[in-house]
Amino acid sequence: MKIKKGIAAAILVLALCSAGVCAGSMIEYEIADLDLGLELPAEYNYVFTRDMDGEDSGFVDLGMTKESLFENESLYLEALTEDQNAEIIVTMTETDWSQLYYDFNDIENSDLMEMAQACLIDADGAANMEISDCDVFEGNDQAKFLKANGVCADEDNDGYTVQYVTVLNGNACTITFNFYHRELGDEEIALTEDVVSSAVFHTVGTKAPFSCREDS
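Looking at the packing of aromatic side chains
- Inspection of the entire model under this criterion finds seven aromatic pairs.
- Ring geometry for Phe137 and Tyr164: centres 5.4 Å apart, planes at 75°, overall edge-to-face. Placement of Phe137 in strand β7 (residues 129-137) and of Tyr164 in strand β9 (residues 159-168) is noted, with a sequence separation of 27 residues between them.
- Judged by relative accessible area, which is 9%, Phe137 ranks as buried.
- The class for Tyr164 is buried, based on a relative accessible area of 0%.

Have a look at this one:
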């Protein structure tokens, strides 16, 4: 099933509520559990989040349940077009790795690229995804993202993947775009950048300074 394979591809090595239509046929969504807002293209007419009703007709249309979709605890949003040939996945997780780096904004681009080379390109960075190249995306006002391009490494779901990953507030967030059975053109690339640029993290913290306690 495409959804399950796509979710697997959204998890890198670090292990909603609709608000209405806006200009450019984009729809604003809030992922309440993450305190995160973003805009998705209107053609993604199946949008699932953890806080929606499990009886929603979308689950029935796609022959699944809320529990089966969100059994992966890192998954917070799944969006699909009517034909299921385009998919957007939002995941977030907290790991020792994300706590260590805490905020990609504090890391030089050259260091981020070294990290990407070691974690994503030289190794199997994402399940069911063969990564071809990475870059640093700075089109979002709050967060700096690593952007990875690749192909779906799955015989049943050929296509292209564009994955963005950031660390902010000590949490690793990925926004993954899968385009099945189609070429990846300028329009698709622009779509991914528009969505990631629209992401708003409503709460941004600072890393607590390390301190050593002296025994009295």
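A few points about the confidence of the model for the chain
- Predicted confidence across the chain gives a mean pLDDT of 84, with 79% of residues reaching 70 or more.
- Here strand β1 (residues 17-22) stands out as the least confident element of the chain, with mean pLDDT 35; strand β11 (residues 200-201) is the most confident, with 98.
- Here residues 7-23 is a poorly scored stretch, pLDDT under 50, and it has 63 contacts once near neighbours within four places are set aside; other chains count.
- This model gives residues 122-126 a pLDDT under 50, and the stretch forms twelve contacts once residues within four places in sequence are excluded.

Observations regarding the sheet that holds β9
- Read across the open sheet, the seven strands follow the order β4-β5-β6-β10-β9-β8-β7; overall the sheet is antiparallel. The sheet is open, and its two edges are formed by β4 (46-49) and β7, each paired on a single side. Taking the axes of each pair of neighbouring strands and ignoring which way they run, one obtains an average angle of 15° across the sheet.

Quick notes on the environment of Gly139
- Relative to the assigned elements, Gly139 resides in the loop between β7 and β8 (145-152).
- Assessed through its relative accessible area of 35%, Gly139 is described here as partly exposed.
- C-alpha of Gly139 to C-alpha of Ser198: the two residues are 59 residues apart in sequence and 9.0 Å apart in space.

A short note on the pattern of salt bridges
- Taken as a whole and assessed by the stated rule, the structure comprises two salt bridges.
- Glu193 is the partner of Lys147 in a salt bridge, and the nearest nitrogen-oxygen pair spans 3.1 Å. Residue Lys147 is found in strand β8, and its partner Glu193 is found in helix α6 (residues 186-198); the two are separated by 46 residues along the sequence.
- Between Arg182 and Glu188 there is a salt bridge, with the nearest N and O atoms lying 2.8 Å from each other.
- A relative accessible area of 12% places Glu188 in the buried class.

With respect to α6
- Compared with an ideal rise of 1.5 Å per residue, which puts 13 residues at 18 Å, α6 spans 18 Å between its outermost C-alpha atoms and is within 8% of the ideal.
- Of the residues making up α6, those classed as buried are Glu188, Leu191, Thr192, Val195, Val196 and Ser198. The arc that holds the buried residues of α6, viewed along the axis, is 165°, so those residues lie on one side.

Looking at unusual backbone geometry
- Although it is not a glycine, Gln84 sits at a positive phi angle of roughly 65°.
- By secondary structure assignment, the location of Gln84 is in the loop between β5 (75-80) and β6 (86-93).
- Even without being glycine, Asn169 reaches a positive phi, approximately 60°.

Considering the side chain of Thr166
- In this structure, Thr166 sits in strand β9.
- A polar contact is formed between the side chain of Thr166 and the backbone oxygen of Lys144, at a distance of 2.7 Å.
- Excluding anything up to four places from it in sequence, Thr166 contacts Phe104, Ala143, Lys144, Phe145, Asn171, Ala172, Cys173 and Phe201.

Observations regarding the nonpolar core
- One finds Leu40, Val90 and Phe177 to be the most contacted residues of the largest nonpolar core, which totals 32 residues.
- Every element with two or more residues in this core is listed here: β2 (26-31), β3 (36-41), β5, β6, β9, β10 (171-180) and α6.
- Beyond its immediate sequence surroundings of up to four residues, Leu40 is in contact with Ser25, Met26, Ile27, Tyr29, Val47, Leu77, Ala79, Ile88 and Val195.
- Of all hydrophobic cores here, the second largest spans 14 residues; its members include Met115, Ala116, Val136 and Val165.

Calculation rules
Sequence order as written defines the numbering, with residues in each chain counted from 1. Local features in a predicted model are, by the rule used here, given only for residues with pLDDT of at least 70; side-chain atom pairs are given and counted only at 80 or more, and totals for whole chains, interfaces and linings are based on all residues. Heavy atoms from the whole structure form the basis of all side-chain values; hydrogens and water molecules are not counted. Each Phe, Tyr or Trp ring, with Trp reduced to its six-membered ring, pairs with another whose centre is within 6.5 Å; inter-plane angles below 30 degrees give stacked pairs, above 60 give edge-to-face pairs, and intermediate values give tilted ones. Every helix listed is a DSSP run of H or I at least four residues long, and every strand listed is a run of E at least two residues long, numbered separately from the N terminus. Only protein chains enter the accessibility calculation, which uses a 1.4 Å probe. A residue is then buried if its area is under 20% of the maximum for its type, exposed if over 50%, and partly exposed in between. Confidence scores labelled pLDDT are given residue by residue by the predictor and lie between 0 and 100. Any two residues having at least one pair of non-hydrogen atoms within 4.5 Å are treated as being in contact. Between any two strands, pairing holds if DSSP finds at least two bridges. Orientation is described by axes fitted as lines to C-alpha atoms, over the contacting stretch for helices, and by angles from 0 to 180 degrees between their N-to-C directions. Each salt bridge in this description consists of a side-chain nitrogen of Lys or Arg and a carboxyl oxygen of Asp or Glu lying within 4 Å of one another. Under the convention used throughout, the expected extent of a helix is 1.5 Å for every residue step, that is, one less than its residue count. The arc in question is traced by the directions running from the helix axis to the C-beta atoms. Between N or O atoms, a polar contact is any pair within 3.5 Å; within protein, one atom must be a potential hydrogen donor and the other a potential acceptor, and residues adjacent in sequence are included only when both atoms are from side chains. Residues belong to one nonpolar core when they are buried, are Ala, Val, Leu, Ile, Met, Phe, Trp, Tyr or Cys, and are joined through side-chain atoms within 4.5 Å.

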